[in-house]
Each structure stands twice: as C-alpha cells, then as structure tokens.
Amino acid sequence: MGIEYPLRVLLIGNGGREHAIAWKLSQSPLVESIIAVPGNGGTATCPKVTNNTFVSVEDFPALLELARKNNVNYVVPGPEAPLVAGAVDFFENAGIKSFGPSKKAAQMEGSKTFSKDFMKKHGIPTAAYENFSDYEKAREYLDRVQHDVVIKASGLAAGKGVIIPTSKEEAHKALKDIMQNKEFGSAGDEVVIEEFLTGDELSVLTFSDGYTIKSLPPAQDHKRIGEGDTGLNTGGMGCYAPTNIATPDLVAQIDRDIIQPTIDGMRKDEMPFVGVLFTGLMITSTGPKVLEYNVRFGDPETQTVLPLLSQDTDLAKIMVACSERYLDSVLIKVEPNFSATVVVAAGGYPESYAKGDEMTVQTPPEGINIFHAGTKLADGKLKTAGGRVIAASATAAESLRAAVDKAYEGVKLIQFNNMYYRRDIAHRAFKPTADTKEALTYAEAGVSIDAGNQLVERIRNAVRSTRRAGADAEIGGFGGEVDLSKAGFSSDAPIMVGAIDGVGTKLMIAQATQNHTTVGIDLVAMNVNDLVVQGAEPVMFLDYFGCSKLNPEVAAVFVESVAAGCRDAGCALVGGETAEMPGMYREDDYDAAGAAIGVMRASDRLPRHDAMAEGDVLLGLASSGVHSNGFSLVRRILAREKLDYAQPAPWDSQKNVGEALLTPTRIYVRSVLAALPRLKGLAHITGGGLLENVPRMLPKNLAAEIDVATWSLPPVFRWLKSAGNVAANEMARTFNTGVGMVAVVSPADVEAVTKQLKEAGETVYTIGKLTSRAEGGEGCILKNLESWS
C-alpha cells in the first residue's frame, strides 16, 4: 500500500539538521503535522511541529506507540544512530513507511571497514587503506608505511572518530587512544588506516530511490574548531555552497564515476539505498576520491543546501518519491543563489563545555535562518544543551561573499555566555587560486641561487692561488680539507676537514619571537652535517655572535643552544667570538656564524667516485622540518598570507607558526658515521635543495634519478607550496622538501644500511638510483613532481 497524504511525520533527532528538515517539511502542503523526538528549541517554535521529549530515540517500541497514538504515517530518522540500528526496517515491518536506508544499507556509515571494502569491490576511487582489529598489527603497519595517514574508528563516533596525525608519534598516540584507551568506545574496536589524501574536500548530498540519483549542489564544510582549519575535529563549524571548485564537469564526473556506481553497487549487493546519501570527497590531482559515506543528511550541510531549494520544490514529495521508488518523476529545482552557515558553539567545545546557559535569539530578517541544534526550552526559557548550539544560515543572489556576510549578521542575533564561532567560514573560496595568485620564488624573496653559483666561479681562481702542501684549495664541495700527512706532519696524521656556515634569516624568526633556544642547534647542524658528508667526524666547534648592543641573557641562551648541538654531534665547543658593534645591527638584532673542524682517515673520505656505478641506490634521510634554508621565501609567504608567528600553524595544529618554524635542523652525525663504511657518497640538502646539492657528490658521468613520490611532502612544505603558489621545481631548488640527507649505497647494501640507520633513529626512504649522464647533462633528475600538487 502506498503512502497516503497528508503526511503526519515522526522526525527523529534534535540537531541543526533536524531543525532544517522540519523547517523545509513544514512548508509543504502535503504535510499536516510533525512530531520531533526530542527536537530542540528551534523545532519547538517551527510551524506544524510539536516536540516530544518523553520518548527516547533509542526506544523503537515506544516510538512506534507514539506514532500509532498520533496516527503517524511517515517516519524520518535524522541522525545515523537510529538508521544503523535498523529504524527503517522496524517501522516498515510495523506498517509505517520511512525515509532512509535499511539496516543493511546503513552499514555504509556504520562500519568504515565495510564501506572501504565495498569501494574496493566496485572500483570506486578512494584512498589506499588497511583494516585492523588487532592493535599490535596496526601499530606495526604504522611503522612500515612511509606515507602520511588518516586513522578512522570504524564504528559510529558522532563525526569525531577521524584523526589526521602530523607525525609518526601523533599517529601512534591516536591509534592507542582509539584501540586501547577506547576514546570512542566500541567504535574503535576496529580501525581503518588509510593514505592521507591532499586537495579540496567536497560534500555531496544525493537523493536516491535505489536506482535514480539526484544530487544537491556540492558544499564545503569546516571540520576543525580553529580558524585557518586548525585545532581539534568537530561535527562541523560552518559550511558554504556552491563551491568554486565544483565545476559542472566535476559535478558530472562525481555523479557518473562515484555516486551512480555506488547506488548501482549497493543494489547489486542486495542492499538498495533509499534516502539521502552523503558522500565526502577529496578532489585530488588525479580526480575525486571518496573519503567516507554517511547514510543521512549532513550537518551543517543540510542547513546550507536546503535553503537553496526553490519555494516550489517540495521536500516531502522528494522523500516520498524516494521511498516509493519514483524519484525520476520528481523535479528538484535549485535556485542560482549562494548559501553559507556559521555554527555557534559553547565555549570549550569540542572538549568540556557548559550546558544550561540562558540564551536569546532575535527574529532574523528575510534571507537569514537560525537553525537550532544544542538548545532546549525549559520553563519557557531558551537554554544551551549541547556543544554545537545553534547556527546562522543565509542565502544571497549576488555572491558568496554576500551570503557569508549575511550569515555573520545572523550570528549577531544570537547571545549566550562564552559563545564561540569561527570568523573565517568560506575562507578557502576567497583565497587567490593558482591562476590568480603570484607564484613566488626564492629569487623574488631576495635570494638568488644562481648568483651564489656565479660567485663561486668568480672567486675560484683566487682561492686556488692559496693552495699549499696537503690542501688543493678547491671550493664547491661541502667542506674544505687539509691532509696533515702531506703538509709536513707525521705520516699517520689524519686529514682535517673544516666547514663554516650561518643560520640565515631563520634568526629573524628567533628574534621576532624572542625564542633563542634552538637556533644554536641549527648553527651546529649546518656545519657538522657538511663535515660528515666528507666522511669526517666533527671534533670541535667555534661560534661567532655579532650584535650592536649585547643582551647577556639572549647571548647566553644562544650559546647554550650551540652547546646542545655540539653534544648531539659529539664535538667540543672550544671557543668563540662575541662582537658588540654599535650601529652595525638594528636594535636587538644579532647575527651568528660558526665553524666546525673534523678529522678523518683517507680511507673514510667521501664521496668515493671510483666506487659509484650506474644502478647504485639513493637513500633519503628524513628532515625535521624546513631546517635552516629558504626562510627568506618562507617569510615572504607568511607576510602575503597575513600570518604572524603567534597564530596557529596551518600545517601543525599543536604549535604556533613561530614554534613550528623554529624546529631545529636535524643533526645526522652519529647515525651516518656508524654506516660510513658502506656509504659511497653523501649530500647534505641545504640551500639549493635536491637539485643543487645531490650533484655535488657525484662524478661527471653519473646523475641522480629521484622519484619524489617515494616520500610524502611534509605538511609544512605542502602549505608553503600552496600558499606561495610555488612551482614544484622551485620547491626542489629552495627547500629540503622532507629529505635532509641523501646517501649513495650499492644495491647489495641497501637493506643493511637502511636497518642500521633506522636503528639509529632515522626515517629512511629509498628515493632513486644513479644513472649515466651525458656530457653537460643534468646531475639530478626529479620524477613525479606532480605528486606535490
């Protein structure tokens, strides 16, 4: 028997999504009444709607009794929990039609392992993944993989069971929190560990009757609590639609290659999907890929896209058409407008927050809707009752900016204690694109690699004129040598190796943030890493500190950090110079330089050109961050993005910009010296990046072929590339891009050297090989640079 009008609806749920559904359903002439269980302060004042707070949403028999008592003939479960628990099956078995998927079909949200396996089976593009129910096996897998990961609790976790770690340490902590500490309860009994995808996210809501699909405009939500997409994950802090990346071609591709195959696959697997399917997508450089499915309206996407439906588009008619399997006969008209939603949360959310605070909401003007979520009416007063309390949504015909501005006008109508909302909703839509943003380069930031190379050539003859016994006075390597046995000393005297370097404009960040605890480590690292690539063990270090007015506290902290670097490198800080020169520097600014001296035997000298051969393997040792090169470009990008050092780092939610950028340069001395006998060459990746530094260790007849897709571009470099619109080739010529040291080893030694370096604490990637080089050919060829897009 078909559904008869008018509809008397039982709406299950109490969020902003349910208020938006009630708001749109109440406009339908086909709807007579709506009972919201339990509803919220917004549904309580919505036309045709009555709240019932006496029946639990988990008590299906009591809900059925309520439905029969009120002659309900249509049930709309809003949240995922009742759908996964089988609400649709329960009510339909009792003779009441419902809008939503069966319990079997709802597994697409109820189990992330189920949905990932479904995607693999039906060839639906998604990230590479593995499922785990055994903590130890999951932990071992994390240790093995080289790419960044996303860790997902397989079960329902109220939209918060997805963790995006920024380091191995964070990944292991998240895994332990989910699987052992049960942060999300039984939802974490099984986890999905999948490849971290980069690109722009989109959310698509699609009506389906099991055959036909009709999608609403793609939206983009804001999951993170903090501005600039920083901080903890939430249920969603805002949303906008349509998005500028969702071109008609892309929308058609998503429907054709992802959503229709999903609906067809579910039907073929004997679990036809009826209702609204939420598809979370990442638009990668290789096309759209599925992040997740939800089997219900999204929140806050629903509050954003339902207001885009035309006045004569009847949501009740669409829902019934899905339930009765004739969706293809219903017209869904979307107005050519823009929509934005700003969620207002209780202070402290998504961690601990207060409930029960009184609040006021003024009546919004036309074009603005206030959708309640965590609110309730108690003794005639509106009070807070949840983390995400309420939202202001607005539409505008002229532009997205107009819609966003109207939504923030709506926020001004809301008042309660400690209310919090993000002030940057739709910020991604307003940022310049790669087509409109100036592409920054290191040269434009004031540093020319080419000019430096030209200087080396210009002074080469002058330097050669200083040669003496034991020293050939050739420049262009990482360090300079004097063979004491050939300089008139004893025949068994070692070779001395010297290196001199500074920290560069990274010092300006230390001075701006008044944090001098790490740049001394940088100073040591830049020098001793240049020594060890020659095969030398650093034995002593000298520093120079120049300023206009000496601040003893700053100088002391700086020298203490130099000493920390020396301890790490195993060399003695034997002396230095502190120069106070009034008028030379500006105010409290200072400059620093250092020199490291090392020793080696001739048998340990690197590179071993005569031992290098085509097919030798290149190993990359992970960097700790930007290290100490490229900061002129970094500072230029920060200035253009109007990002100061005290703000949260867009690439690391646990640190501010200054702290993240001052991560000290990694010192590779101890680990590399232990592996020295098996190494044929080493390159310290400093200014000039891979392209300039790797060829410095190679003979003229060999080139390095490096596949940059063999490691993940670290988040800080990914952000710099995107924010600065920096070309991939320029990134490889400016920054270390995640690899701070490159070693050449024979294929037979790869396993042993990798094991030895890992045991010494290094993260090691196999990044390429040596190939033959024609005369005048490039010394370093980078493959798959597009993977950095």
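This one's a predicted model, so the numbers in the text were calculated from it and none came from an experiment.

Cut-offs and rules
- Residues numbered from 1 in each chain as written.
- Predicted model: local features only at pLDDT ≥ 70, side-chain atom pairs only at ≥ 80, totals over all residues.
- Heavy atoms only, no water.
- Helix = DSSP H or I, 4+ residues; strand = E, 2+ residues; numbered from the N terminus.
- Buried < 20%, exposed > 50% of the residue type's maximum accessible area, 1.4 Å probe, protein only.
- Contact = heavy atoms within 4.5 Å.
- Areas by Shrake-Rupley, 256 points an atom, 1.4 Å probe, with all protein chains shown as cover.
- Lys, Arg positive; Asp, Glu negative; His and termini not counted.
- Charge placed at Lys NZ, Arg CZ, Asp CG, Glu CD.
- Pairing = 2+ DSSP bridges.
- Axes fitted to C-alpha atoms, helices over the stretch in contact; angles between N-to-C directions.
- 1 Å grid on protein atoms, 1.4 Å probe; cavity = no way out; pocket = protein on both sides within 12 Å on 5 of 7 lines; lining within 4 Å.
- Points joined across faces, edges and corners; volume = space filled by probe spheres on them.
- Nonpolar A, V, L, I, M, F, W, Y, C, P; charged D, E, K, R; others polar.
- Expected span 1.5 Å × (residues − 1).
- Salt bridge = Lys/Arg side-chain N within 4 Å of Asp/Glu carboxyl O.
- Polar contact = N/O pair within 3.5 Å; in protein donor to acceptor, adjacent residues only side chain to side chain.
- Core = buried A, V, L, I, M, F, W, Y, C linked by side-chain atoms within 4.5 Å.
- Disulfide = S-S within 2.5 Å.

Peer 1: Help me understand the overall build of the protein, please; the structure alone is not making it clear to me.
Peer 2: Summing up its helical and strand segments, the protein has 24 helices and 38 strands in all. The C-alpha extent of the protein, read off along each of the three principal axes, is 105 × 60 × 45 Å. When burial is assessed residue by residue, the protein has 54% of its 789 residues classed as buried. For the protein, long-range pairs separated by at least 24 residues make up 75% of all intrachain contacts whose partners lie at least 6 apart in sequence. For the protein, the exposed surface amounts to about 32900 Å²; the carbon and sulfur share of it is 50%. Measuring between centres, the 78 positive side-chain charges of the protein sit 2 Å from its 97 negative side-chain charges.

Peer 1: Would you take a moment to explain the pairing of strand E9 (residues 191-195) for this structure?
Peer 2: Working note: regular strand, side chains alternate between the two faces of the sheet. Within E9, four of the five residues are buried, which leaves it mostly tucked inside the rest of the structure. Here strand E6 (residues 129-132) pairs with E9 via four bridges, running antiparallel. The partner of tyrosine 129 across the bridge, within E9, is glutamate 194. Of the strand pairs in this sheet, strand E7 (residues 149-153) and E9 are connected by five bridges, and their pairing is antiparallel. Note that in E9 the partner of alanine 153 across the bridge is valine 191.

Peer 1: Would you mind showing me how to read the sheet that holds strand E35 (residues 702-707) here?
Peer 2: Neighbouring strands of a sheet are bound in pairs by backbone hydrogen bonds; such pairs are parallel or else antiparallel. The mixed open sheet is built from six strands, whose spatial order is E34-E36-E31-E37-E35-E38. The open sheet has two edge strands, strand E34 (681-684) and strand E38 (780-783), and neither has a second partner. Neighbour-to-neighbour, the strand axes of the sheet open up by a mean angle of 25 degrees, direction not taken into account. Across the sheet, helix H16 (residues 519-532) is in contact with E34 and strand E36 (739-745); its angle to E34 comes to roughly 160 degrees. Across the sheet, helix H24 (residues 750-759) lies against strand E31 (617-622), E36 and strand E37 (764-772), angled at about 10 degrees from E31, the strand it touches most.

Peer 1: Sorry if this is basic, but what is going on with empty space enclosed by the protein here?
Peer 2: Using a probe with the size of a water molecule, rolled over the atoms, empty space left in the structure can be pinpointed. The full count for this structure, using the stated rule, is one cavity of 30 Å³ or more. Quantified by volume, the largest cavity comes out at close to 50 Å³. If you trace the largest cavity, you find 14 residues lining it, with Pro77, Phe99, Val276, Arg296 and Phe297 closest to the centre. At the level of secondary structure, the elements contributing two or more residues to the lining of the largest cavity comprise helix H1 (16-25), strand E4 (74-77) and strand E16 (275-284). Here the lining of the largest cavity is built from residues that sort into nine nonpolar, three polar and two charged.

Peer 1: I would appreciate a short explanation of helix H8 (residues 168-179) in the present structure.
Peer 2: Along an α-helix, residues three or four positions apart point the same way, because every turn accommodates 3.6 residues. Compared with an ideal rise of 1.5 Å per residue, which puts 12 residues at 16 Å, H8 spans 16 Å between its outermost C-alpha atoms and is within 8% of the ideal. By the burial criterion, the buried members of H8 are Ala171, Ala174, Leu175, Asp177, Ile178 and Met179. Tucked inside the fold, the buried residues of H8 contact E6, helix H7 (135-144), E7, strand E8 (162-163) and E9.

Peer 1: Honestly, the side chain of lysine 24 in this entry has me stumped. Any pointers?
Peer 2: The residue lysine 24 is located in helix H1 in this model. Buried charge lysine 24 goes without a salt bridge, the closest partner of opposite sign being aspartate 312 at 7.6 Å. Within the local environment of lysine 24, its side chain forms a polar contact with the backbone oxygen of serine 310, the two atoms lying 3.3 Å apart. Sequence-distant contacts of lysine 24, defined by excluding residues within four places in its chain, comprise Leu306, Leu309, Ser310, Thr313 and Leu315.

Peer 1: Explanation requested: the sheet that holds strand E29 (residues 572-580) in the structure shown.
Peer 2: Strand order in this open sheet of five strands is E26-E27-E30-E28-E29, and the pairing throughout is mixed. Only two strands of the sheet have a single neighbouring strand rather than two, namely strand E26 (480-483) and E29. With strand direction ignored, the average angle separating the axes of adjacent strands in the sheet is 15 degrees. Where strand E28 (residues 537-547) lies against strand E30 (residues 590-600), 10 bridges are found, and the strand directions are antiparallel. Bridge pairing in E30 links proline 538 to glycine 598. Packing against the sheet, H16 makes contact with strand E27 (495-502), E28 and E30, and its axis sits at approximately 140 degrees to E27.

Peer 1: What is the right way to look at the pattern of salt bridges in this model?
Peer 2: Side-chain pairs of opposite charge can arise whenever the charged atoms involved come near each other. Enumeration according to the criterion identifies 29 salt bridges in this entry. Measuring nitrogen to oxygen at the nearest pair gives 3.4 Å for the salt bridge that ties arginine 296 to glutamate 80. Placement of the pair is arginine 296 in the loop between strand E17 (287-294) and helix H10 (301-305) and glutamate 80 in helix H3 (residues 80-84), with a sequence separation of 216 residues. Assigned by exposure class, arginine 296 and glutamate 80 land together as buried. With a shortest N-O distance of 2.9 Å, aspartate 229 and arginine 422 are connected by a salt bridge. Of this pair, aspartate 229 sits in the loop between strand E13 (224-226) and strand E14 (230-233) while arginine 422 sits in the loop between strand E25 (419-420) and helix H13 (427-430), placing them 193 residues apart in sequence. Salt bridges sharing common partners tie together Asp229, Arg422, Asp424 and Arg428.

Peer 1: Any chance you could explain the nonpolar core here in plain terms?
Peer 2: Nonpolar side chains in soluble globular proteins tend to end up buried together. One finds Leu661, Val694 and Ile706 to be the most contacted residues of the largest nonpolar core, which totals 99 residues. With eight residues, the top contributor of residues to this core is H16. Setting aside its immediate chain neighbours within four residues, leucine 661 contacts Lys506, Ile509, Val626, Phe631, Val634, Leu638, Trp651 and Val716. Counting 41 residues, the second-largest nonpolar core is a separate cluster that includes Ile3, Val9, Tyr74 and Met319.

Peer 1: Explain the state of the cysteines here, please?
Peer 2: By definition, a disulfide is the covalent link that joins the sulfur atoms of two cysteine residues. A complete count under the given rule lists zero disulfides for this structure. There is no disulfide at cysteine 566, and the cysteine sulfur nearest it, in cysteine 571, is 4.0 Å away.

That's the geometry; what it means functionally is another story.
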